[in-house]
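Listed below, chain by chain, are the residues.
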Amino acid sequence: MPPPRRRNCPVFNRSSLGVNHFANNIDHADNLQESKNKKTFLTQKHLIYHRIKFGNRAMSVALDVLIFAVGWAHVVLAPFFKVEESFNLHATHDVLMYGVGRENLYNYDHFTFPGAVPRTFVGSVLLAWVSTPTIRVAQWLGFVPSKFEIQIIVRLSLASLNSWSLCLIRRGVSRRYGRGTGLFFALLTCTQFHYPFWMGRTIPNMFATIPVNVSTYLLVDRASNSVYTSLKRISAAVTLLTFVGVVLRAEVALFLGPFALQLLISRQIPLLRLLKVGFISALISLLLTLFVDSYFWNKSLLWPEFSGIYFNVIEGKSSEWGTSPPLTYITSYLPKLLLGALPLSIIGFAIDHRIRSLLLPSMAFIALISNLGHKEWRFIIYVVPIFNVAAARGSKWMVSLRKSSLFGRLFFMATAGILALNLVIAVLFTKASMRNYPGGQALYTFHQLYPAKTTYPIPHVHISNLAAQTGASLFLQLNAPPYYHPSQSQQLSQPWVYNKTENLSPNTLSSSSSPFTHLISEVPPSTDSRMDRTWRIVSEIKSFDRWAINREIFSFRGKKKGELLTRFRDVLILQESPKLWLLERKR
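As annotated in an unreviewed UniProt entry, the protein is Mannosyltransferase from Psilocybe cubensis. Reading the Pathway (unreviewed entry) entry of the UniProt record for the protein gives the comment "Protein modification; protein glycosylation." UniProt's Sequence similarities (unreviewed entry) comment on the protein is quoted here verbatim: "Belongs to the glycosyltransferase 22 family."

Pasting the structure below:
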């Protein structure tokens with residue numbers, strides 16, 4: 001007989017089931033642990049990603065704040081103006097104070113002091129409109145006790161617009177060339193002097209830099225591996241540059257020409273599209289300036305920029321303001337504007353083909369404008385941010401070299417040294433500029449010495465030519481109409497008189513029939529006996545002459561060891577001399 005079939009042993013079944021269950025539990029536990037580890041890893045990775053993203057955003061905001069703060073600081077530290085700014089500053093004053101109604105146009109300053117050629121009102125009107133909300137809020141908060149504060153707000157508004165355009169470029173540079181390059185762009189820009197100092201000054205060139213910078217941003221802001229800019233952005237950049245050349249500054253056309261040629265050669269825009277965009281934008285810009293400026297100048301079909309070209313270039317009158325050698329922009333003005341960024345931009349040009357394509361139109365622009373006899377640094381101010389992009393790229397390359405090598409350490413130290421030297425020069429220039437506006441300081445001192453409610457007789461002050469050119473603006477004529485607030489007229493029994501008549505002789509000023517009670521004079525009374533008999537000095541206004549080396553500090557006689565290091569900041573002395581005298585008629 002065959003043996004009976006062996007039944008499954010219950011113990012064996014339970015045992016095998018337990019083994020399998022135990023194995024399954026182990027696998028399940030491993031999966032859970034792996035899942036937890038994976039989830040933890042993903043969570044940590046997510047947190048690190050957000051921390052990096054937050055840090056990058058915080059750094060970006062900090063750099064933007066730095067650019068704005070530097071522009072604002074220059075406005076606050078040097079609140080007065082020079083003659084180059086007078087037209088746009090006074091035009092903004094008149095738009096704010098009188099409005100744009102036709103019945104008030106003949107109260108505008110440009111009818112009394114029209115200048116050699118008409119200038120456009122477009123920038124001044126836009127600046128007045130942009131500044132108005134801030135002025136209203138500041139008045140409501142009680143921060144505008146006089147018209148002078150309105151001048152500061154106007155200049156802060158212009159500095160803010162220029163700072164905003166630079167922040168756009170910095171963000172575009174960070175995307176195109178990396179965050180490190182964007183960092184160096186901000187540091188190089190803020191440690192220079194001329195561009196940050198003039199960002200809030202109402203010369204036509206600083207109005208023009210805003211759309212030029214926006215066009216630069218449109219070209220730079222793209223991926224690092226991008227070969228071509230989008231056609232839409234190119235068209236917008238051409239439109240902005242055309243607007244600037246037609247309305248604000250005609251020399252920008254010399255920049256637009258090489259830029260358009262580069263676009264055509266690289267086949268980034270078709271010829272017909274370029275012509276179409278240029279023609280339409282030029283026509284609209286021309287109609288805008290014809291409408292606005294014909295109205296404010298009360299002339300038919302007035303195109304101010306064409307008047308300037310005809311006067312300065314065709315008639316050659318610009319040479320009356322002096323001529324310079326052809327290489328002046330390269331040997332003098334560009335190094336002064338860029339400081340240490342100039343050699344760094346050469347390195348950026350050499351190492352990156354993207355920088356070369358960006359810089360070529362600017363270099364061609366400088367070559368073209370060098371053919372004009374009359375040269376000023378402000379004529380090439382538009383290329384400074386572009387050169388700073390190239391310098392930032394060169395700086396990033398220099399500090400990215402391995403520090404284990406000698407060249408890596410030297411290049412890192414050189415970059416840090418250039419930034420430090422830039423900062424020192426900017427501080428020295430800023431301190432000198434703060435003391436370089438005697439006209440504004442004189443009129444400001446005049447109002448401090450003679451309060452409006454206690455002064456008798458009513459002052460009739462003559463403002464000399466030097467004073468009018470160095471800060472004595474309409475915003476500082478505090479006690480004469482137009483008033484910033486209607487209630488101010490009720491505080492004065494009679495408005496003061498501020499007279500800027502030119503070429504008055506000492507005999508006229510000293511005559512008993514002269515209406516003047518006070519003078520802001522360029523010469524002291526002691527130089528003329530008639531002036532000395534009639535006028536007495538109330539205050540002496542000094543202004544910057546030069547920086548001088550304090551030779552006494554290098555004398556070691558009687559000095560303790562290490563005293564030279566503790567007095568390092570006293571090595572340079574800011575030397576001043578009297579430039580204006582505030583005079584009062586003798587009674």
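Text resumes after the structure shown.
Check the secondary structure of the protein and you find 23 helices and five strands. If you take every contact in the protein between residues at least 6 apart in sequence, the share linking residues at least 24 apart comes to 79%. Of the roughly 31,100 Å² of accessible surface on the protein, a fraction of 63% belongs to carbon and sulfur atoms.

Moving on to the sheet that holds strand 4 (residues 535-549). The pairing of strands in a sheet comes from backbone hydrogen bonds and takes either a parallel or an antiparallel form. Read across the open sheet, the five strands follow the order 2-1-3-5-4; overall the sheet is mixed. In this open sheet, the two edge strands, each paired with only one partner strand, are strand 2 (497-499) and strand 4. Strand-to-strand twist of the sheet, defined as the mean angle between neighbouring strand axes without regard to direction, takes the value 20°. Along the sheet face, helix 17 (residues 406-434) touches strand 4 and strand 5 (572-585) and points at about 165° away from the line of strand 4. Lying over the sheet, helix 18 (residues 438-449) contacts strand 1 (460-463), strand 2, strand 3 (518-521), strand 4 and strand 5, oriented at roughly 140° with respect to strand 4.

Here we come to the pairing of strand 1. Side chains of strand 1 alternate between two faces, with His460 and His462 and Val461 and Ile463 buried alike. Of the pairings in the sheet, the one linking strand 1 to strand 2 comprises three bridges and is parallel in character. If you follow histidine 462 over to strand 2, its bridge partner there is asparagine 499. Sheet topology places strand 1 next to strand 3; three bridges connect them, and they run parallel. Bridge pairing in strand 3 links histidine 462 to leucine 519.

Turning our eyes to something else, we now look at the pattern of salt bridges. Counted under the stated rule, the structure contains 12 salt bridges. A salt bridge links aspartate 64 to arginine 170; its shortest N-O distance comes to 3.1 Å. Here the residue aspartate 64 occupies a position in helix 1 (residues 10-77), and arginine 170 occupies one in helix 5 (residues 147-177), the gap between them amounting to 106 residues. We note a salt bridge from arginine 354 to aspartate 352, for which the minimum N-O separation is 2.7 Å. Residue arginine 354 shares its accessibility class with aspartate 352, and that shared class is buried. If you follow the salt bridges from partner to partner, you end up with Asp64, Arg170 and Arg171 in one network.

What follows is about the packing of aromatic side chains. The full count for this structure, using the stated rule, is 28 aromatic pairs. Judged by centre distance (6.5 Å) and plane angle (10°), the ring pair of phenylalanine 255 and phenylalanine 259 falls under stacked. Of the two residues, phenylalanine 255 and phenylalanine 259 both sit in helix 10 (residues 253-265), four residues apart, roughly one turn of that helix. Ring geometry for phenylalanine 255 versus phenylalanine 365: centroids 6.1 Å apart, planes at 85°, classification edge-to-face. Taken together, the positions of phenylalanine 255 in helix 10 and phenylalanine 365 in helix 15 (residues 353-369) put the pair 110 residues apart, joining distant regions of the chain.

This part takes up helix 16 (residues 384-399). Helix length check: helix 16 (16 residues) gives 22 Å between terminal C-alpha atoms against 22 Å at 1.5 Å per residue, within 8%. Where burial is concerned, most of helix 16 is hidden: 14 out of the 16 residues are buried.

A contiguous nonpolar patch, built from Phe306, Ile309, Tyr310, Val313, Ile314 and Leu372 and spanning about 530 Å² of accessible area, is present on the exposed surface. On the secondary structure map, isoleucine 314 appears in helix 12 (residues 304-314).

Turning our eyes to something else, we now look at the nonpolar core. Side chains of a nonpolar character, in soluble globular proteins, are inclined to be buried together. In terms of nonpolar packing, the biggest core is built from 127 residues, with Phe121, Ile380 and Ile520 touching the most fellow members. The biggest single contributor to this core is helix 5, with 11 residues. Once residues within four sequence positions are removed from consideration, isoleucine 520 is found in contact with Ala442, Leu443, Val461, His462, Ile463, Ser464, Ala467, Leu580, Trp581 and Leu582. Counting seven residues, the second-largest nonpolar core is a separate cluster that includes Leu519, Met531, Trp535 and Trp581.

Further remarks concern the pairing of strand 5. Examined bridge by bridge, strand 3 and strand 5 share four bridges and lie antiparallel to one another. Its bridge partner lying in strand 5, serine 521 is registered against tryptophan 581. As judged from the 13 bridges shared by strand 4 and strand 5, these two strands associate in the antiparallel manner. For alanine 548, the partnering residue across the bridge sits in strand 5 and is isoleucine 573.

Thresholds, definitions, all that
Sequence order sets the numbering: in each chain, residues are counted from 1 along the sequence as written. Totals for whole chains, interfaces and linings use every residue, but because this is a predicted model, local features are given only for residues with pLDDT of at least 70 and side-chain atom pairs only at 80 or more, for both listing and counting. Hydrogens and water are ignored here; the side-chain numbers use all heavy atoms of the structure. UniProt positions are given in the numbering used here, feature names are shortened, and annotations may be inferred rather than shown by experiment. Each helix corresponds to a stretch of at least 4 residues labelled H or I by DSSP, and each strand to a stretch of at least 2 residues labelled E; elements are numbered beginning at the N terminus. In what follows, residue pairs with any heavy atoms lying within 4.5 Å of each other are defined as contacts. In short, Shrake-Rupley with a 1.4 Å probe defines the accessible areas, and a residue's cover is counted only from the protein chains shown. Pairing between strands is defined by DSSP: at least two bridges between them are needed. Axis lines are fitted through C-alpha atoms, for helices just across the contact stretch, and the angle between N-to-C directions can take any value from 0 to 180 degrees. For each residue, the accessible area found with a 1.4 Å probe, counting protein chains only, is set against the maximum for its type, and the residue is called buried under 20%, exposed over 50%, and partly exposed in between. Criterion for a salt bridge: a side-chain nitrogen of Lys or Arg within 4 Å of a carboxyl oxygen of Asp or Glu. Whether two aromatic rings pair depends on their centres lying within 6.5 Å, for rings of Phe, Tyr and Trp, where Trp uses its six-membered ring; planes under 30 degrees apart make the pair stacked, over 60 edge-to-face, and the rest tilted. For a helix, the expected span equals 1.5 Å multiplied by the residue count minus one. Patch definition: residues with relative accessible area over 30% and no salt bridge; like charges joined within 9 Å; nonpolar side chains (Val, Leu, Ile, Met, Phe, Trp, Tyr) joined within 5 Å. Within this scheme, the nonpolar core is defined by two criteria: the residues are buried Ala, Val, Leu, Ile, Met, Phe, Trp, Tyr or Cys, and they are joined through side-chain atoms within 4.5 Å.

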